[in-house]
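Examination of the molecular architecture
What follows is each chain in one-letter form.
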Amino acid sequence: MAIFNNSDSTPETTKNDSNTTIITAGAKIKGEIELSCNLYIDGELDGIIKSSKEVNVGKNGFVKGNITADKLIVQGKVEGSIDASSVDIKAGAHVNGEILSDDLVIESKAIFEGNSIMKQSSKKDTGKKAN
C-alpha cells in the first residue's frame with residue numbers, strides 16, 4: 001500500500017490492503033498518476049488519473065482534471081472529464097464536467113453539472129450511416 005500524507009491519520013472508511021493507494025486529507029498533488037490498483041483520494045489532486053481499477057474520491061477529496069478508471073465513486077468534488085465503465089455520485093458530492101460511462105448513478109442530494117454520454121448509446125450511434 002502506498003500512502004501520500006502530510007498528517008498521521010488515515011481514512012477510516014478505506015480498507016487498508018496492498019491493492020489500494022491512498023492520498024489522505026491534507027496532501028496536495030499536481031501531475032499525472034497511472035496505476036493498476038485502487039485509488040482513494042481524501043486530499044487534493046490537480047492533474048490526470050489513469051487507473052484500471054476503482055478510484056474513490058472521499059468526502060474531503062477534490063480532483064481537478066481528467067479521470068479514466070474502471071469504476072469511479074465520488075463522495076467529494078470532481079472538476080473535469082470522466083471516462084469510466086461505472087460512475088457513482090454519492091449524496092453530498094459535486095461533479096462538474098463531462099461523464100462518459102456505461103453506468104451512471106446520481107444519488108439524491110448529489111450535484112452534477114455538465115454532460116453525460118452513455119458509452120452503449122454512443123457505440124450504437126457510430127454504426128449508423130446518415131442518408
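Looking only at helices and strands, the chain features one helix and 11 strands. Relative to its full complement of 131 residues, the chain shows a buried share of 37%. Contacts spanning at least 24 positions in sequence make up 3% of the contacts within the chain whose residues lie at least 6 apart.

The predicted coordinates of low-pLDDT regions are not to be read in fine detail. Across the chain, the average pLDDT comes to 85, with 78% of residues at 70 or higher. Between residues 5–17, whose pLDDT stays under 50, and residues either more than four places distant or in other chains, the model counts 23 contacts.

The phi torsion at Lys 109 lies on the positive side, around 75 degrees, for a residue other than glycine. Note on placement: Lys 109 falls in the loop between β10 (94–106) and β11 (111–118).

Another aspect to go through is the nonpolar core. Core analysis: the biggest nonpolar cluster contains 25 residues, and Ile 49, Val 63, Leu 72, Val 78 and Ile 82 have the highest contact counts within it. Examining the composition of this core, we find that five residues originate from one element, strand β7 (residues 62–74), more than from any other. When neighbours within four sequence positions are excluded, Val 63 is seen to be in contact with Ile 41, Leu 45, Ile 49, Val 57, Lys 77, Val 78 and Glu 79.

Cut-offs and rules
- Residues numbered from 1 in each chain as written.
- Predicted model: local features only at pLDDT ≥ 70, side-chain atom pairs only at ≥ 80, totals over all residues.
- Heavy atoms only, no water.
- Helix = DSSP H or I, 4+ residues; strand = E, 2+ residues; numbered from the N terminus.
- Buried < 20%, exposed > 50% of the residue type's maximum accessible area, 1.4 Å probe, protein only.
- Contact = heavy atoms within 4.5 Å.
- pLDDT = per-residue confidence, 0-100.
- Core = buried A, V, L, I, M, F, W, Y, C linked by side-chain atoms within 4.5 Å.

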